Structure formats: structure tokens, C-alpha cells
Amino acid sequence: MNSYGPLWPSLTPPDQQGRDDLCAKSARGVRVTLANGRELLCATSGLWNSNLGYGNPAVTQAVADTLRDASYLSAWNAENVQVRAAAAELVELAGADHYGRVLFSTSGGAANDLATKLVRQYQVLRGKSDRRGILALRTAFHGLTFGAAALTDANLGQQMYGVDRRLVGHVPANDGPQLQAALERYDGRIAALFVEPVLGSGAIPLTEEFVADILRLRRKYGFVLVADEVSTGFGRTGNTVFASARWPEPPDVLVTAKALTNGTLAASAVIVSREMAEAFLAPNVLLGHAETQAGTPVVGAAISATMAEMRRLDTPALSEKVGQRLGGELAALAAEHPMITSVTGTGCMWALHLAAPDGTPMAQSEVSEIIRAIREAGAIVHPGPNCFQLIPALVYTDTEIDELLAIIRTGLGTYAAACEKR
């Protein structure tokens, strides 16, 4: 009989609810302790959130101090000094020569909803009111709110929930001709293109050639380029704070969340180019979006502390170092296991793509079995489409990398042995 309780956890099948071996009670560094007392090595940074590891003392102290001194102050029809400071730091971090202003939100999905409103209103202010369509990439993930679910190509029950996708289209990643064909088909009606610099589902980086195509087509067709860096921001992909900083030209809008507060608070930010922001200033118009918990003092303090820790630790350099080591080790692991068909990713964001014995992509039910076997062996990894993903904290040590690889090998061996007995 199922032992689930009052908590209805997200995206968890009912038969997996109420289990102490899937319920955490604490986390420190790169380890999670479960309700049953077991400790696991975390290779997901807590859904990409805790780039600095769990329980960073500086971030924790900043949050605690601000909860005492300014427990709640609004950024809705008002301002507060903590979030003013955080906005200025984010602009400087992203590049003050290009970016000018920051809007705060409470999640990656809500931030993408906000960005959708922003780009459509911007086109109206430019006298381009017919530009309401949005293009996004196939297999990308932008969130589960109504607007973000429309942007997301994966089947998330959009039809069942009545998500309106009439003004949203999708094109394959890393396919410039297909993108150009869509822009030609909807010429004059596309407000924006939303892209993840590295697709979060499957850790697929956009190629340099595709980025060049996007930038060329932006100049030709006049769409706004939105970089969804909810997953890739704050050093996740190595050597730069934001993945889009490596592009020859910056996006017009940069969406961030997850590592923004090292995962401590429900917070996100939309960083807007000076040109776009100024379009709202001259006519003195409002953007029709606000959230009660967006841009509170505690959020501002957490952001500032997180960025200070990133600078102190030089996390982009750490990410590059961990990524180079991990990428090489994963390639060696793939050579050992015929079920691993390829390894994709960069920095601290990787995926091991899997195949069944007949060479077809591995069924998601089997991916779940592998993840379960790795968890039993001692580590938390994340499911992806026909793959499992590794998103370690940027502060992983060589010893922790070795431990993770040994656990994965054990888990894969356990799964393979179980398959032979079927």
C-alpha cells in the first residue's frame, strides 16, 4: 500500500511518493543527507542551483542578516536598497556597455513569461505591433508556467492544460537553414527568438556556426534575441560567467535564475539591453508584470553575496578545470560501456546518451533504472531525454570527481547485471 503523506511533490509518480529514501533532510557542500540517514554525493547541484555547493556560509549569513533587518520590502510600485545594489551588480557582471536594467522575478519559468511580455511590448513601442510570434528551439526547456510551457517543445501536457501555443513555433537546434526558413515564412511577425546556449535537456551546446547564423538573421529580420541562461549562468559552462558572453555579439535579453542566489531563494532576473530598456523610458510606459516576492531585500542580499563568493572563488575558472577533467573521464567511461553512445556538454554540465542493445535510444523507463542504480551506489544524477546528466557544483574537488566516477561505474555495472538476469 502507498505510504504517501500530505505533501504532493512535483513531477514524482504517486508510487514514488512518501519514501524516506527519496526525501532529503539536509545538505552540506556537495552531499545530501536523506530522511533515512543515508548520505549521497550530489551530482546535480540541486537542480543546477547550488553552484557554490550547499550551505555556503557567506550566502547563508547574508540571508539571515537581511531577514532580521528587512524581512520584506517590495519592488512592486516601490524599490529597496538591497535589490537596487543587486541590479547594479548584475548589469556590471553581464556587461554594462551593453546591458542597462534588471527586472526581477521568482523562477526561471516566470522570468521567461516576463521576457515574452517584454519583447512583445518592445515591438509595439517600435511600431511593430504585428511582431507577436516567438520562435524557440526543439528539445529546449524553458519552464512549466503557461508562457514558458508554450516556449518548451517537449510534451508537457500543453494541450491538456490549455496552453496557448498559437503564436509560438519551434525549429531544430544547430540548424541555420531551418531557422531562416521559419523566419522567411513568418517574415514581419516574429518578435523574438528564445535559445538556451546549452540545451538543458541533454546538455547540447549551440555550435559556433549556429550562433553566427542567429546573429546574422537577427540583423536581417529584426527579432529580439533572448538567451535563457537559467541553467547555464554563473559559470556553469566554464570560463565565462554567462555562456552567451562567448558569442561574437550579445543577446538583447538575458534570463537568469537557479544559481543566482546559489539556490537559496525563489528568485530570477531578466537583464535587459540598454537599447530595449530606453524604449520604455522615453514614452514613460509601464511593463505589465509584477510579482509579490520578486526583488525583495533578502533576494537582493543573496544575489550580492553569491556574486561576491563567485569572484572570491573565481568559479568560472573552477568550472573550466572541473569540466576539462570530467569531460575526459566521461569520454573514457563511454569507451568502456557500449550502452553509452555519446557524451555531450561543457564546463560542469554533461550528459551521457544511452542506447538499448539493439542500438535504439534507451527508453526513459530504462534511464530511470540506471539512475536508480547509481543512486543506490551512492550518487544523485539527473534524468534527460534518453540520457542521464551530471551537473556537479563548480567547487567539486578531484577526489569528489573520482568518487563520482567510481559510483557511476558501480551503478552501470549493477544495471547491466540486472539486465542479464531478465
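Thresholds applied
Residues numbered from 1 in each chain as written. Predicted model: local features only at pLDDT ≥ 70, side-chain atom pairs only at ≥ 80, totals over all residues. Heavy atoms only, no water. Disulfide = S-S within 2.5 Å. Buried < 20%, exposed > 50% of the residue type's maximum accessible area, 1.4 Å probe, protein only. Pairing = 2+ DSSP bridges. Helix = DSSP H or I, 4+ residues; strand = E, 2+ residues; numbered from the N terminus. Axes fitted to C-alpha atoms, helices over the stretch in contact; angles between N-to-C directions. Contact = heavy atoms within 4.5 Å. Salt bridge = Lys/Arg side-chain N within 4 Å of Asp/Glu carboxyl O.

1. Some details on the state of the cysteines
Phase 1 of the analysis: This model, assessed by the stated rule, comprises 0 disulfides.
Phase 2 of the analysis: Counting only cysteine sulfurs, Cys-42 is the nearest neighbor of Cys-23, a cysteine outside any disulfide, at a range of 15 Å.
Phase 3 of the analysis: Judged by its relative accessible area of 35%, Cys-23 is partly exposed.
Phase 4 of the analysis: Looking at the unpaired Cys-419, the closest cysteine sulfur is the one in Cys-387, lying at 17 Å.

2. So, the sheet that holds strand 13 (residues 340-346)
Phase 1 of the analysis: The antiparallel open sheet is built from 4 strands, whose spatial order is 13-14-17-16. Edge positions in the open sheet fall to strand 13 and strand 16 (382-384), since each of these has one partner strand only. Neighbouring strand axes in the sheet, compared pairwise and without regard to direction, differ in orientation by 25° on average.
Phase 2 of the analysis: Alignment of strand 13 against strand 14 (residues 349-354), held across 6 bridges, turns out to be antiparallel. Residue Ser-342 lies in a different strand from strand 14, and its bridge partner there is His-353.
Phase 3 of the analysis: The sheet strands contacting helix 12 (residues 364-377) are strand 14, strand 16 and strand 17 (387-390), and the helix crosses strand 17 at an angle near 40°.

3. Re the pattern of salt bridges
Phase 1 of the analysis: For the structure on display, the rule yields 17 salt bridges.
Phase 2 of the analysis: Between Asp-65 and Arg-68 there is a salt bridge, and its shortest N-O distance comes to 3.6 Å. Placement of both Asp-65 and Arg-68 in helix 2 (residues 57-69) is noted, with a separation of 3 residues, approximately one turn of the helix.
Phase 3 of the analysis: Across the salt bridge formed by Glu-329 and Arg-325, the nearest N and O atoms sit 3.3 Å from each other.

Keep in mind that these numbers describe shape and distance, not what the molecule does.
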